[in-house]
Amino acid sequence: MKRTPRWAAAVCGLVAGGAGLAAAEAAAVPFGPAASPVQAVGAATIDLAPRPLKEFAVATFGTADKLVLLVGIGVVLAVFAAALGIAARGRRWVAGAGAGVLALVGAVAAFTRPDAGPLDILPALVGGTVAYVALVMLMNAAGAGARAADAPGVPEGPAAEDRDPEESTSEGAGATTEEPAEGRGFDRRRFVLIAGAAAAAAAAVGTGAGLYSRTSAGSAAESRNFALPKPASPAPPVPDGADLEIEGLESFFTPPGEFYRIDTALSVPRIDAASWRLRVHGAGVEEREYTFAQLLERDDIIERDVTLACVSNQVGGGYIGNARWIGVPLAEILREAGVRPPSEGGPADQLVSRSDDGMTIGTPVETVMDGRDAMLALGMNGRPLSPEHGFPVRMVVPGLYGYVSACKWITEIELTTFDAFDAYWVPRGWSAEGPIKLQSRIDTPRDGASVGGDGAGVTVAGVAWAQHVGVDGVQVRIDGGEWRDARLAEEATEDTWRQWVFDWEDAEPGEHTVSVRAVGRDGEVQTADEAPPAPDGATGHHMITVSVG
Ligand SMILES: Nc1nc2c(c(=O)[nH]1)N[C@H]1C(S)=C(S)[C@@H](COP(=O)(O)O)O[C@H]1N2
Ligand SMILES: [Mo]
């Protein structure tokens, strides 16, 4: 009597794993996309990942890091499921134990999410149960096929997988004279039909669940069809010469589709603006709650151009973008709630913003109330925020890196102290305070490019930034030579980056390095000292190598 061949057992495991996954995704639908066990495990992986790994992932995969993570989880799950199928041959309890382990991992991940409720463990439990039942049924079907082929009409005996495993191996010396395993011990056609049907059912349920949660997310996103308010204080006009419009140089306003996105949210929170609330509370605060409509109706709406930057940006990197934001002045909201900055005797020195997906971001109260245009942004580039960039409301604070200021999907503001609370990134090795560092970048030519050759010189151009300080100079150095002044584009505001161009007229044929540094309005000269992004932002000069032909 043949027992289920190894490959078929692996297929049983894979299909059962797929069925469990589909069932879990379907069970997660009422709880929203974040309740899916896969999403929960991915999110927990992100939170638990040590800093170097996270930096590696961001540096290597950029904004695709989350896709890579999900694919990785899928591969691990598939390998585990296939191995489980093989291991469960003849030992049903192994199937139970394996499915139990998967359910437990999913349930623990779901339950420990910051925004989790006790019911969030249900999808994982449903998935584990379905995976177990599917595995046992598939192996029985494979075994029943074996019985049917071996001895038609014989009453059902113990399931094939309960028999002694050794008795049925086809790999022993004696097996050489036997027919192929699937020819006699196991009905291959019947098995493929049953496993195929189960796989198709799982795929249908899984796809259905995915489509359903996407369309319901879509209807929440539809509420983005509202008109942004007219700002009481419009953005100062961008001077004509702010955008040099040089080929290869990033435009003054980052094209919307190219604006970097950095967050820990594995699935973008889909928030219904109609039921959204912002709660303001904490030390020295008369607690308040705002609806989205209340924010839209305010008469103190401002519109400002602000260049957002990520602390994880490498020297020369692209985690920086400039946009026109429209929103409510954050300091006004705070004053309404009775908040005073520490310099006026207020008890709280830290503003902790919390998001719908459980992020916490800590910002100095003094900074957001010092007169700069810190805001609760409702729109970006003339449109409501996109879900990826924080719909319906996010914070923007000129001069601070995003991880200490730019809370997306914000739902809560708590006034507290830096002593009393560490925001998300702090225990992960990042500084509690993160003012943006003076930096500059060469956009064109590209590193490694071949340029010139016609004796007409080479146009070198890029951007420099010192948000809320302003850029007063940019200098370029060829090889180890003197620093020479680049020409600055017109400044929009001190909160935006500034383009620059350098006409390299005396470019000689051969390989050269080109470096750039900026000078801040406060007189600071951008340091050459190289520092990595952690803990508070990279430093050093951006340098490229080009070959002049
Ligand atoms: N809820 C939430 N807000 C967040 C983050 C996050 O992980 N979750 N990341 C912050 C970081 S590190 C940066 S740099 C900015 C990036 O904003 P963007 O994705 O709109 O460019 O968002 C900030 N706000
Ligand atoms: Mo960031």
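All values reported here derive from a predicted model rather than from experimental measurement.

S.K.: Which parts of the structure should I look at to understand the packing of helix H2 (residues 37-48) against helix H4 (residues 65-87)?
M.R.: Two quantities define a packed helix pair, namely the angle between the helix axes and the distance between the axes. Contact pair H2 / H4: the axes reach a minimum separation of 10 Å and the direction vectors enclose 115 degrees. Note that H2 runs across H4; the crossing there is right-handed. For the pair formed by H2 and H4, the contact residues are Val38, Val41, Gly42, Thr45 and Ile46 on the first element and Leu69, Leu70 and Ile73 on the second.

S.K.: Is there a simple way to explain the side chain of Asp120 in this structure?
M.R.: Tracing the backbone shows Asp120 in the loop between helix H5 (92-111) and helix H6 (122-150). Not counting residues within four places of it along the chain, the set of residues in contact with Asp120 comprises Phe31, Ala35, Ala110 and Asp115.

S.K.: Just checking my understanding: could you explain the UniProt feature "transmembrane region" (unreviewed entry) in the chain for this structure?
M.R.: On the UniProt side, "transmembrane region" (unreviewed entry) is annotated at positions that read residues 67-86, 93-112, 124-142 and 191-212 here. Split by type, residues 67-86 is 100% helix and 0% strand. Its first and last C-alpha atoms lie 29 Å apart. Counted over residues 93-112, helix gives 95% and strand 0%. Its end C-alpha atoms are 28 Å apart.

S.K.: It is not clear to me how the sheet that holds strand E19 (residues 542-548) should be interpreted in this structure. Could you clarify?
M.R.: Working definition: the strands of a sheet are paired by backbone hydrogen bonds and lie parallel or antiparallel to each other. Taken together, five strands build an open sheet; the order of strands is E12-E19-E18-E14-E15 and the sheet is mixed. For this open sheet the edge positions go to strand E12 (450-451) and strand E15 (483-485), each flanked by a neighbour on one side alone. In the sheet, strand E14 (residues 471-478) pairs with E15 via three bridges, with the strands oriented antiparallel. Bridging across to E15, Arg477 finds its partner in Trp483.

S.K.: How should unusual backbone geometry be read in this particular structure?
M.R.: The bulk of non-glycine residues show a negative phi, and the bulk of peptide bonds are trans. Residue Pro392 is bonded to the preceding Phe391 through a cis peptide linkage, with omega at 5 degrees. Along the chain, Pro392 turns up in the loop between strand E8 (383-384) and strand E9 (394-396). Pro535 follows Ala534 through a cis peptide bond whose omega is 5 degrees. Following the sequence through the fold, Pro535 ends up in the loop between strand E18 (510-520) and E19. One non-glycine residue, Trp409, lies in positive phi territory at about 55 degrees. Here Asp479, not a glycine, exhibits a phi torsion of approximately 50 degrees, which is positive. On the secondary structure map, Asp479 appears in the loop between E14 and E15.

S.K.: Even after reading the chapter, I still don't get the confidence of the model for the chain, so can you show me in this structure?
M.R.: Low-pLDDT portions of the prediction should not be read for the details of their coordinates. Overall, the predicted model of the chain reaches an average pLDDT of 88, with 89% of residues at or above 70. Confidence drops under a pLDDT of 50 for residues 145-184, and excluding neighbours within four residues, the segment shows 52 contacts in the predicted structure.

S.K.: Hey, could you run me through the pairing of strand E6 (residues 360-364) in this one?
M.R.: Walk down a regular strand and you will see the side chains alternate between the two sheet faces. Of all five residues in E6, five are buried, a share of seventy percent or more. Of the two faces of E6, the one lined by Thr360, Gly362 and Pro364 and the one lined by Ile361 and Thr363 are each fully buried. Taken together, the five bridges between strand E5 (residues 350-355) and E6 define a ladder with antiparallel strand orientation. Bridge assignment links Ser353 to a residue of E6, and that residue is Ile361.

S.K.: Teacher, can you tell me more about the sheet that holds strand E2 (residues 288-291) here?
M.R.: Ordered by their spatial adjacency, five strands build an open sheet running E2-E1-E10-E5-E6, and the pairing between neighbours is mixed. The strands lining the two open edges of the sheet, one partner per strand, are E2 and E6. With strand direction ignored, the average angle separating the axes of adjacent strands in the sheet is 20 degrees. Pairing between E5 and strand E10 (residues 410-416): six bridges, direction antiparallel. Within E10, the position partnered with Leu351 by the bridge is Leu415.

S.K.: Hey, could you run me through a nonpolar patch on the surface in this one?
M.R.: A cluster of nonpolar side chains, contributed by Phe31, Leu119, Leu122 and Leu125, occupies part of the molecular surface with about 330 Å² of accessible area. For Phe31, the location among the structural elements is in the loop between helix H1 (6-28) and H2. With a relative accessible area of 31%, Phe31 lands in the partly exposed category.

S.K.: Help me understand the pairing of strand E4 (residues 320-329) in this model?
M.R.: Within E4, nine of the 10 residues are buried, which leaves the element mostly enclosed by the surrounding structure. Bridge analysis of strand E3 (residues 302-309) against E4 gives eight bridges, and the strand direction is antiparallel. Following the sheet pairing, Asp305 is matched in E4 by Arg324. Pairing of E4 with strand E7 (residues 375-380), which is carried by five bridges, proceeds in the antiparallel orientation. Its bridge partner lying in E7, Val328 is registered against Leu376.

S.K.: I tried to follow H4 on my own but got confused; where do I start?
M.R.: It helps to recall that an α-helix has 3.6 residues per turn; residues three or four apart then point in one direction. Counted at 1.5 Å a residue, the expected span for H4 with its 23 residues is 33 Å, and the 33 Å between its end C-alpha atoms agrees. Every buried residue of H4 is accounted for by Asp65, Lys66, Leu69, Ile73, Ala81, Ala82, Leu84 and Gly85.

S.K.: Before we go on, may I ask you to explain the side chain of Arg394 in this structure?
M.R.: Here Arg394 lies in strand E9. The charged side chain of Arg394 is buried without a salt bridge, its nearest counter-charge being Asp263 at 7.9 Å. From its side chain, Arg394 meets the backbone oxygen of His389 in a polar contact 3.2 Å long. Here Arg394 is in contact with Leu308, Trp325, Met375, Leu376, Ala377, Leu385, His389, Ala406, Cys407, Lys408 and Ile410, once residues within four sequence places are set aside.

S.K.: Got a minute to help me understand the site of ligand 1 in this structure?
M.R.: Taken together, 20 residues form the shell around ligand 1, and within it Tyr260, Thr264, His389, Arg394 and Lys408 come nearest. At 3.0 Å, a backbone N or O of Ile262 approaches an oxygen atom of ligand 1. Here Ala406 contributes a backbone N or O atom positioned 3.0 Å from a nitrogen atom of ligand 1. Relative to its unbound accessible area of 530 Å², ligand 1 is 99% covered by the protein chains. Of the residues assigned to the shell around ligand 1, the class counts are 11 nonpolar, four polar and five charged.

Rules of the game
Residues numbered from 1 in each chain as written. Chains lettered and ligands numbered in written order. Predicted model: local features only at pLDDT ≥ 70, side-chain atom pairs only at ≥ 80, totals over all residues. Heavy atoms only, no water. Axes fitted to C-alpha atoms, helices over the stretch in contact; angles between N-to-C directions. Helix = DSSP H or I, 4+ residues; strand = E, 2+ residues; numbered from the N terminus. Left-handed = near helix turned anticlockwise from the far one by under 90°. Contact = heavy atoms within 4.5 Å. UniProt positions renumbered as here; feature names shortened; annotations may be inferred. Pairing = 2+ DSSP bridges. pLDDT = per-residue confidence, 0-100. Buried < 20%, exposed > 50% of the residue type's maximum accessible area, 1.4 Å probe, protein only. Patch = residues over 30% accessible without salt bridge, like charges linked within 9 Å, V, L, I, M, F, W, Y side chains within 5 Å. Areas by Shrake-Rupley, 256 points an atom, 1.4 Å probe, with all protein chains shown as cover. Salt bridge = Lys/Arg side-chain N within 4 Å of Asp/Glu carboxyl O. Expected span 1.5 Å × (residues − 1). Lys, Arg positive; Asp, Glu negative; His and termini not counted. Polar contact = N/O pair within 3.5 Å; in protein donor to acceptor, adjacent residues only side chain to side chain. Near = heavy atom within 4 Å. Nonpolar A, V, L, I, M, F, W, Y, C, P; charged D, E, K, R; others polar.

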